[in-house]
Amino acid sequence: MLNRYPLWKYLMVILVITISFLYAAPNLFGEDPALQVSGSRGTQVSSDILVKAQQSLTQAGIEVKSAALENDQLLIRFRNTDDQLRGKDLVTEALGDDYVTALNLAPSTPAWLEAIGAGPLKLGLDLRGGVHFLMEVDMAEALNRVQEQTVQDFRTELRQERLRYSGVLNRDGGTLVVFRDEATRDKAISHLRQRYPDLVFSTQNSGDSFGLLAVMSEQRLKEVKEYALQQNITIIRNRVNELGVAEPLVQRQGADRIVVQLPGIQDTARAKEILGATATLEFRLVDERADAAAAAAGRVPPGSELFTDRSGRAVVLQKRVILTGEHIVDANSGMDEFSRPQVNISLDAPGGSRMADFTKDNVGRAMATVFTEYKPGGEPGADGKPVLRKEQEVINVATIQSRLGRSFRITGIDSMAEAQNLALLLRAGALIAPIQIVEERTIGPSLGQQNVENGLMAMIYGLLAVVLFMSIYYRKFGLVANLALLANLVIIIGVMSMVPGATMTLPGIAGIVLTIGMSVDANVLIFERIREELRDGRSIQQAIHMGYEKAFGTITDANITTFITAIILFAVGTGPIKGFAVTLMIGILASMFTAIVGTRALVNLLWGGKRLKKLSI
């Protein structure tokens, strides 16, 4: 018997190892200190901004390694971190508040590797350093906004049904409607109960007034809170994308909190500012009878409020809110029939109905879009939490040209760029409720680097011990096992670099170290089986063949049970546990391939085609 593999098996082993090496190779090239510039509120980063940033750096004598526009962001690479820190201040001052300048580390992967989609392994917060935020959604404000909207809805419904009421206001955790007679109150309850099945209605009488109180059912309360949390998570993800963070973590924690982890972020203050700011949108009618100059002087008409637009011009709007941004499901920019820029907006069903009812009687009037931000005020409140400061501005005033439904358009926009910015803002800027950062932890790059070095040293020491033992105890076959072990590491790193979303963490390194031991364990079983076959008097070729055949079942059983355990860890675990499980699963598959197929191919190539009298094992 001569142990030989068909050619395709050799080619398959070479192909797998070559591809894995190519995708693992970017990890050898390190990272460059860099500046990342992105536009705030959808502002476009153009080539003019690139030139302006480069000029500010050149005038200060700072050498730039490279500067390029990538994915609507400007990436400037430096030779060292000193230039990076000096450059940040200069670029921030040169570009102004319309652009976000953040420190970052950019992979220095060669272009030919990037061309095939190869990139460095993404490191987690514990290895790369970065920031961890725990954010809390203001659920009280979320519920308050829903109740305010309910007040307006009740007024509209009762007017349409010609049911006269004395007042509608928020009270006792619900919406109270007061009537002058009991019959009208009962008709209103009958009508509103059909329209709002998720509200619980009760009566409240006081003297000559007859009231109805509508409070949200438990199911409705749960839905409002859940929607507020999920919407805020979506917006936070959009803002994290603006920061250009690789492999960020944004996930819920409990009923009203969101965990945000940004690996590699050096400028924590800027990240905190961007993530901590919350924004909402409102549509209101412009009070066209009001004198803006008089209102700016303090004489604001009753029922109206004074706002300013982006240029600082006074705009007087009615207090009544037509619609909030929570009803917007899509927004995109385009051109109208006269080639003028416009923004096409799509609403959900309740929003479309509300907009149609309101605009049918207000065609030709001006409607404003108000952008509201809540920013930390700095001083903590009575409960110790930071007080949020409310900032509002009118971002657009357009004329209602016809009755609007679920889909309508905003015109009167100056440029296509403004239309694109507004569409982006409408899609990503609407938050249901303010959020605030209740916990912040920073892991410095030096600590992350120390974790990487410690993990690598543990891996190297373990690898050297295994290599030394296998070389001494199994001689030439031990060297084959060592080559398989190195190939195993290359495959693990290569696959981890290829898998989208895979992130290496400290537990992941533990998984690799564990895999090193499991990988040689399979070879130990094979080699010991070969020795037994030789002692039983079989020929060398028969011993090699029987050794691999008989050990295969044992190796497979052991790895399958471990693989099942890794699957369970992945299913029930979170964060680092999942990372450990993923690394372990990839390592098991890689070790089975290299220990069974890889070493068999090498053994067959070296000794399989020969008539040997002695085997070095």
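Residues numbered from 1 in each chain as written. Predicted model: local features only at pLDDT ≥ 70, side-chain atom pairs only at ≥ 80, totals over all residues. Heavy atoms only, no water.

(A) Fine view of the packing of helix α6 (residues 139–160) against helix α7 (residues 182–195). It is at 11 Å that the axes of α6 and α7 come closest, and there the two elements cross at 120 degrees. By the criterion of interaxial angle, the relationship of α6 to α7 is oblique. Of the two elements, α6 crosses α7, and the hand of that crossing is right-handed. Seen from α6, the contacting residues are Phe154, Glu157 and Leu158; seen from α7, they are Ala188, His191, Leu192 and Arg195. By residue class, the composition of the contact of α6 with α7 is four nonpolar, one polar and two charged. (Axes fitted to C-alpha atoms, helices over the stretch in contact; angles between N-to-C directions. Helix = DSSP H or I, 4+ residues; strand = E, 2+ residues; numbered from the N terminus. Parallel < 35°, antiparallel > 145°, perpendicular 65-115°, else oblique. Left-handed = near helix turned anticlockwise from the far one by under 90°. Contact = heavy atoms within 4.5 Å. Nonpolar A, V, L, I, M, F, W, Y, C, P; charged D, E, K, R; others polar.)

(B) Layout of the sheet that holds strand β20 (residues 407–410). Strands sit in the order β16-β17-β20 across an open sheet of three strands; the sheet is antiparallel. What marks the edges here is a single partner per strand, and that holds for β16 (328–335) and β20. Across this sheet, the average inter-strand angle for adjacent strands is 25 degrees, counted without regard to direction. Two strands pair when backbone bridges link them, and strand β17 (residues 341–347) and β20 are joined in this way by four bridges, in the antiparallel orientation. Residue asparagine 344 lies in a different strand from β20, and its bridge partner there is arginine 409. (Pairing = 2+ DSSP bridges.)

(C) A look at the pattern of salt bridges. Taken as a whole, this structure holds 18 salt bridges when the rule is applied. Note that glutamate 223 and arginine 220 form a salt bridge whose closest N and O atoms lie 4.0 Å from each other. Remark: arginine 220 and glutamate 223 occur in helix α8 (residues 218–243); sequence separation between them is three residues, near one turn of the helix. Since its relative accessible area comes to 39%, glutamate 223 is described here as partly exposed. Three or more residues joined by partner-sharing salt bridges are found here, namely Asp32, Lys65 and Arg77. (Salt bridge = Lys/Arg side-chain N within 4 Å of Asp/Glu carboxyl O. Buried < 20%, exposed > 50% of the residue type's maximum accessible area, 1.4 Å probe, protein only.)

(D) How the structure looks around unusual backbone geometry. Backbone geometry at arginine 162 places phi at a positive 60 degrees, although glycine is not the residue there. For arginine 162, the position within the fold is in the loop between α6 and β7 (167–171). Judged by its relative accessible area of 76%, arginine 162 is exposed. If you check the backbone angles, arginine 475 has positive phi at about 50 degrees while not being a glycine.

(E) A look at the environment of phenylalanine 154. One can find phenylalanine 154 in helix α6. Take phenylalanine 154: its relative accessible area is 0%, and that puts it in the buried class. Distance in space between the C-alpha atoms of phenylalanine 154 and valine 168 is 7.7 Å, their sequence separation being 14 residues.

(F) Quick look at the pairing of strand β14 (residues 304–308). Both β14 and strand β15 (residues 314–324) contribute to a ladder of five bridges, which runs antiparallel. Considered in β15, the bridge of leucine 306 is made with valine 316. Between β14 and β15, which pair antiparallel in sequence order, lie five residues; one of them, glycine 312, sits at a positive phi of approximately 90 degrees.

(G) Molecular detail of the packing of aromatic side chains. Overall, the coordinates contain eight aromatic pairs when judged by the stated rule. Ring centres of phenylalanine 154 and phenylalanine 201 lie 6.4 Å apart, and the angle between their planes is 20 degrees; this geometry places the pair in the stacked category. Of this pair, phenylalanine 154 sits in helix α6 while phenylalanine 201 sits in strand β9 (residues 199–206); the two residues are 47 residues apart in sequence, bridging distant segments of the chain. Site record: aromatic cluster; members linked through ring pairs are Phe469, Tyr473, Tyr474, Phe477, Phe527 and Trp607. (Phe/Tyr/Trp six-rings, centres within 6.5 Å; stacked < 30°, edge-to-face > 60°.)

(H) Main features of the side chain of threonine 150. Within the fold, threonine 150 resides in helix α6. For threonine 150, the residues in contact, after removing those within four places along its chain, are Thr175 and Leu199.

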